[in-house]
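Single-letter residue listing:
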Amino acid sequence: MNPDPPGGRRPGRSRPGAPAPGDRRPGSGPLGDRRPGPAGRYPRPTREELAAAADRTLPDLIATGLDVLFVGINPGLWSAATGWHFARPGNRFWPALYRGGFTPRLLHPSEQDELPGYGIGITNMVDRASARADELTAAELVAGAETLREKAARYRPRWVAVVGVTAYRIGFARPKATFGAQPELLAAARLWVLPNPSGLNAHFTPESLGAAFAELRQASKRL
């Protein structure tokens, strides 16, 4: 028997709660049904389309019994415009997933509906889109942490991974929290904090981000 690919699932193999292969939907934003051009590139949202995406919400990519539920801070304008999580060019979330062994190949954000088949989901601390995460208030992050607790209780992921230590510190009132496994549980899920994969986060290279994701991957396989 061939071993599982790095993402932990064989092609065509679905897990409980994952959408059926024929039931996958395109991105839910107004640009989410666009198709790539001849060079495999998707059209860039216009300045007007990005401005119109402010305060828009992005549906969760979630199912029951996931191995890891990744938690972004909030959708950026590019994600809200396209309907794809971590969609802005230069965001390193998708390469970090691949480098960390969560997916067997590098996925484009438009392929996000593949993730539940690998035991992965995505949600956000705060639903509303903004140009920058620092536009959010502390109250929004605190409320978002409570909503995340409710989601963890409902969907029962094994791990919840918050992608951004500052948002975690504020939302969960843990001002000294560091990266990695956290001592508390969220409902019954284990908690992990990862670096923010934004291209603006110069403290982490693509390689070090991949290593941080790989550490979570190994922990999720042990428990």
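Scroll up to find the structure.
Quick caveat: nothing in here was measured; it's all calculated off a predicted structure.

K.L.:
Mind showing me how you'd approach the overall build of the chain here?
P.N.:
A tally of regular secondary structure across the chain gives six helices and five strands. Walking the chain from its N terminus toward its C terminus, one meets helices and strands in the order α-β-α-α-β-α-β-α-β-β-α. Within the chain, the fraction of its 223 residues that count as buried is 48%. Within the chain, counting contacts between residues at least 6 apart in sequence, those at least 24 apart form 72% of the total. For the chain, the exposed area adds up to about 11100 Å²; of that, 54% sits on carbon and sulfur atoms.

K.L.:
Got a minute to help me understand the side chain of Thr103 in this structure?
P.N.:
Structurally, Thr103 is set in the loop between helix H3 (93-99) and strand S2 (120-124). For Thr103, a relative accessible area of 2% puts it in the buried group. Side-chain polar atoms of Thr103 contact the backbone oxygen of Arg105, separated by 2.9 Å.

K.L.:
Sorry, what's going on with the pattern of salt bridges here?
P.N.:
Where charged atoms from two side chains of opposite charge approach closely, those side chains can pair. Summed over the entire model, instances satisfying the criterion amount to nine salt bridges. Here Arg99 ties to Glu207 by a salt bridge, and the two come within 3.9 Å at their closest N and O atoms. Taken together, the residues span a long stretch of sequence, with Arg99 in helix H3 and Glu207 in helix H6 (residues 206-222) at a distance of 108 residues. Of the charged contacts, one joins Glu184 and Arg174 as a salt bridge, the two residues approaching to 2.9 Å between their closest N and O atoms.

K.L.:
Mind showing me how you'd approach unusual backbone geometry here?
P.N.:
If a residue is not glycine, its phi is most likely negative; likewise, a peptide bond is most likely trans. A positive phi angle, close to 70°, is found at Asp55, a residue other than glycine. Along the chain, Asp55 falls in the loop between helix H1 (47-52) and strand S1 (68-72). Positioned with a positive phi, Phe86 is a non-glycine residue whose angle comes to about 50°. With respect to the helices, strands and loops of the structure, Phe86 is situated in the loop between helix H2 (77-82) and H3.

K.L.:
Explain the pairing of S1 here, please?
P.N.:
One face of the sheet, then the other: side chains in a regular strand alternate in exactly this way. Most of S1 sits inside the fold, with five of its five residues counted as buried. Every second residue of S1 is oriented toward a common face, with Val68, Phe70 and Gly72 on one face and Leu69 and Val71 on the other, all of them buried. As paired strands, S1 and S2 are joined by five bridges and run parallel to one another. When the bridges of S2 are listed, Phe70 appears paired with Ile122.

K.L.:
Just to check I follow, could you spell out the environment of Ala214 for this structure?
P.N.:
Looking at the secondary structure, you find Ala214 in helix H6. The exposure class of Ala214 is partly exposed, given its relative accessible area of 22%. Measuring from C-alpha to C-alpha, the distance between Ala214 and Tyr98 comes to 9.1 Å, with 116 residues separating the pair along the chain.

Calculation rules
- Residues numbered from 1 in each chain as written.
- Predicted model: local features only at pLDDT ≥ 70, side-chain atom pairs only at ≥ 80, totals over all residues.
- Heavy atoms only, no water.
- Helix = DSSP H or I, 4+ residues; strand = E, 2+ residues; numbered from the N terminus.
- Buried < 20%, exposed > 50% of the residue type's maximum accessible area, 1.4 Å probe, protein only.
- Contact = heavy atoms within 4.5 Å.
- Areas by Shrake-Rupley, 256 points an atom, 1.4 Å probe, with all protein chains shown as cover.
- Polar contact = N/O pair within 3.5 Å; in protein donor to acceptor, adjacent residues only side chain to side chain.
- Salt bridge = Lys/Arg side-chain N within 4 Å of Asp/Glu carboxyl O.
- Pairing = 2+ DSSP bridges.

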